[in-house]
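The lines below spell out each chain.
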Amino acid sequence: MKIIQEIPERNIIKLIPENLDDLWHLSHIIQPYNAIYAVTERRTEDKGDKLRADRGTKRRVFLGIKAEKINFHEDFNRLRVSGKIIHAPDDIPIGSYHTIDIEPFLQVSVQKNWKKWDIERLKEAEDSSKKPKVVVVIMDDSEADIFLVREFGIKELASIKSGVSKKLDYKQNEQAKFSYYSDIINSISEFEGKILFAGPGFGRNNIQNYISEKYKSLAPNVVVESANHTGKSGLSEILKSGIIDKIYGEARISKETQVVEKLLEEISKKGLAAYGIESVNNAMNFSAIDTLLLTDEYLRRNRRSVENLMNSVENINGNIIIVSTEHDAGKQLKALGGISALLRFPIE
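Residues numbered from 1 in each chain as written. Predicted model: local features only at pLDDT ≥ 70, side-chain atom pairs only at ≥ 80, totals over all residues. Heavy atoms only, no water.

Per UniProt, the recorded name for the protein is Protein pelota homolog, and the organism is Methanococcus maripaludis.

Here you go:
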């Protein structure tokens, strides 16, 4: 995310989303009734020929709309914001509806009553754009699962089987193994930055040696760590362990996973935790909240009613973490009602 300009007297921030993660952040920053301004395509009626029925022509115009619907489309790499037009050229009627498609590298201005957590989210998106994407290969000698760890969730890039079998002789198994390694490398070759290989057994070390011999330019980017499980269980283990943070700097999804894991641990031992809106509000009455956790879904549905609580947590120097429901930790928090808190001290 690039923050181009802040205009405090008008509550406007001009910014440019640079990737899918940035669009996801914007989908939670932009709320109903916020004003959005951008260059967009608008079909205008051709009044030159009254007898010909057509849909008019599309042209690029600068429009402002008051947001009503905000839809994040991961598969199409865009964020669609729909609402009534509040600013337009003279030939476009104010109050008619329009949808602005926000895509990477489109400058957009957002006008709203900015909250501290909105600004922090923007700054976090700006910082994260400077970091490489996190690619994790969970593997053993039989199978490799390759994941892209994004700000908002996990995308499985490939699942590759080795073809190694007890039915094959030594030479055939060696050929199958090298073909397996080659397929893995082809799947990750387009990514820059570190590639984390993890899993049980010696598969991760064997492919590291293979890369050192055959792909010397890639070798400095390879990091190898142990994991007890394969597949998504292995990835979950890696996220909880904090290994990704050590390698790449703090990654949002790893941070969220670890704090939810801490919450579940406190709940299991009936310790410093509260969950559900009533229990959390009660903890706030005692100024006991150290960290407030909300899912992005909960915040979107209950933003107006929960803002006072969030302001109160900030006033006692508490932390607020908004957790994505696109990964397992967010789904666990959702099952607890979508709102929970880690406490400073126990309350009865």
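Here the narrative resumes.
Novice: Give a detailed account of the domain arrangement of the protein, specifying residues and quantitative values.
Specialist: Segmentation of the protein into domains returns domain 1 (2–45 + 54–129), domain 2 (134–250) and domain 3 (255–343). Placing a centre on the C-alpha atoms of domain 1 and another on those of domain 3 gives a separation of 29 Å. Of the residues lining the interface, 13 residues belong to domain 1; the matching set on domain 3 comes to 11 residues. For the domain 1 and domain 3 pair, buried surface summed over both sides reaches about 1,200 Å², with 47% attributable to carbon and sulfur atoms. Counting across the interface, domain 1 meets domain 3 through two salt bridges. In this structure, Glu307 engages Lys115 in a salt bridge whose closest nitrogen and oxygen atoms are separated by 3.8 Å. Residue assignment for the side of domain 1 that touches domain 3 shows that the elements contributing at least two residues are helix H1 (20–29) and helix H2 (116–128). With four residues, the single largest contributor to the side of domain 1 that touches domain 3 is H2. Here the side of domain 1 that touches domain 3 is composed, by residue class, of five nonpolar, three polar and five charged. (Domains from an automatic or database assignment. Contact = heavy atoms within 4.5 Å. Buried area = accessible area lost by both parts, 1.4 Å probe. Salt bridge = Lys/Arg side-chain N within 4 Å of Asp/Glu carboxyl O. Helix = DSSP H or I, 4+ residues; strand = E, 2+ residues; numbered from the N terminus. Nonpolar A, V, L, I, M, F, W, Y, C, P; charged D, E, K, R; others polar.)

Novice: Run through helix H8 (residues 277–285), naming residues and quoting values.
Specialist: Within the span of H8, buried status applies to Val280, Ala283 and Met284. Projected down its long axis, H8 carries its buried residues within an arc of 100 degrees, all on one side. Residues of H8 that are exposed and point over 90 degrees away from its buried face: Glu278 and Asn285. Lining the buried residues of H8 we find strand E13 (273–275), strand E14 (289–295), helix H9 (296–315) and strand E16 (339–343). Phi turns positive one or two residues past the end of H8, at Ser287, with a value near 55 degrees. (Buried < 20%, exposed > 50% of the residue type's maximum accessible area, 1.4 Å probe, protein only. Arc of directions from axis to C-beta.)

Novice: An account of the packing of aromatic side chains is requested, with residue identities and associated values reported.
Specialist: Under the defined criterion, the tally for this structure stands at five aromatic pairs. Centroid distance Phe178 to Tyr210: 5.5 Å. Interplanar angle 15 degrees. Geometry classified as stacked. Here Tyr210 lies in helix H4 (residues 203–214) and Phe178 lies in helix H3 (residues 170–188), a separation of 32 residues in the sequence. Residues Tyr181 and Tyr210 carry aromatic rings whose centres are separated by 5.3 Å and whose planes lie at 55 degrees to one another, so their mutual orientation is tilted. Placement of the pair is Tyr181 in helix H3 and Tyr210 in helix H4, with a sequence separation of 29 residues. Taken as a pair, Tyr181 and Tyr210 share a single burial class, namely buried. The rings of Phe178, Tyr180, Tyr181, Tyr210 and Tyr215 are connected pair by pair, giving a single aromatic cluster. (Phe/Tyr/Trp six-rings, centres within 6.5 Å; stacked < 30°, edge-to-face > 60°.)

Novice: Explain the sheet that holds strand E15 (residues 319–323) to me, using residue names and the numbers behind them.
Specialist: An order of E13-E16-E14-E15 is seen for the four strands of this open sheet, with the pairing classed as mixed. Pairing within the sheet leaves two strands with one partner each, and these edge strands are E13 and E15. With direction set aside, neighbouring strand axes in the sheet form an average angle of 15 degrees. For E13 and E16, the ladder comprises three bridges, and the chain directions are antiparallel. Paired with Ala274 across the strands is Ala341, a residue of E16. Lying on the sheet, H9 is in contact with E14, E15 and E16; it crosses E14 at an angle near 165 degrees. (Pairing = 2+ DSSP bridges. Axes fitted to C-alpha atoms, helices over the stretch in contact; angles between N-to-C directions.)

Novice: Could you give me a rundown of the sheet that holds strand E11 (residues 195–199), with the residues and numbers involved?
Specialist: Across the sheet, five strands lie side by side as E10-E9-E8-E11-E12; this open sheet has mixed pairing. Each of the sheet's edge strands pairs with one partner strand only, and the pair in question is strand E10 (154–161) and strand E12 (222–226). Going from strand to strand, the sheet's axes swing by 20 degrees on average, the running direction of each strand aside. Note that strand E8 (residues 134–139) and E11 share four bridges and pair parallel.

Novice: How would you summarise the environment of Phe197 if you had to cite specific residues and measurements?
Specialist: Here Phe197 shows up in strand E11. In this structure the C-alpha to C-alpha distance between Phe197 and Val135, which are 62 residues apart in sequence, comes to 8.8 Å. The residues touching Phe197, leaving out its near neighbours within four places in the chain, are Val137, Met139, Ile184, Ile188, Arg204, Ile207, Ile211, Val222, Val223, Val224 and Glu225.

Novice: Would you mind going over the nonpolar core in detail, with residue names and values included?
Specialist: Membership of the largest hydrophobic core comes to 31 residues, with the highest contact counts inside it found for Leu26, Ile30, Ile36, Leu79, Val81, Ile102 and Leu122. When residues of this core are traced back to their parent elements, those giving at least two are strand E2 (12–16), H1, strand E3 (35–44), strand E4 (57–73), strand E5 (78–87), strand E6 (97–102), strand E7 (108–111) and H2. Each residue touching Ile36, except ones within four places of it in the same chain, is listed here: Ile30, Leu63, Gly64, Ile65, Ala67, Val81, Ile100, Ile102, Val108, Ser109 and Val110. Listed in part, the 21 residues of the second largest apolar core include Leu148, Phe191, Tyr210 and Ile211. (Core = buried A, V, L, I, M, F, W, Y, C linked by side-chain atoms within 4.5 Å.)

Novice: A description of helix H5 (residues 231–241) should follow, citing residues and the corresponding values.
Specialist: Looking only at H5, the buried set comprises Gly231, Gly234, Leu235, Ser236, Ile238 and Leu239. Phi for Gly242, located one or two positions after H5, is positive at around 85 degrees.

Novice: Could you give an account of the pairing of E8, naming the residues involved and the relevant values?
Specialist: A large share of E8 lies buried, amounting to six of its six residues. With six bridges joining them, E8 and strand E9 (residues 143–149) adopt antiparallel strand pairing. Of the residues in E9, the one forming a bridge with Val135 is Leu148.

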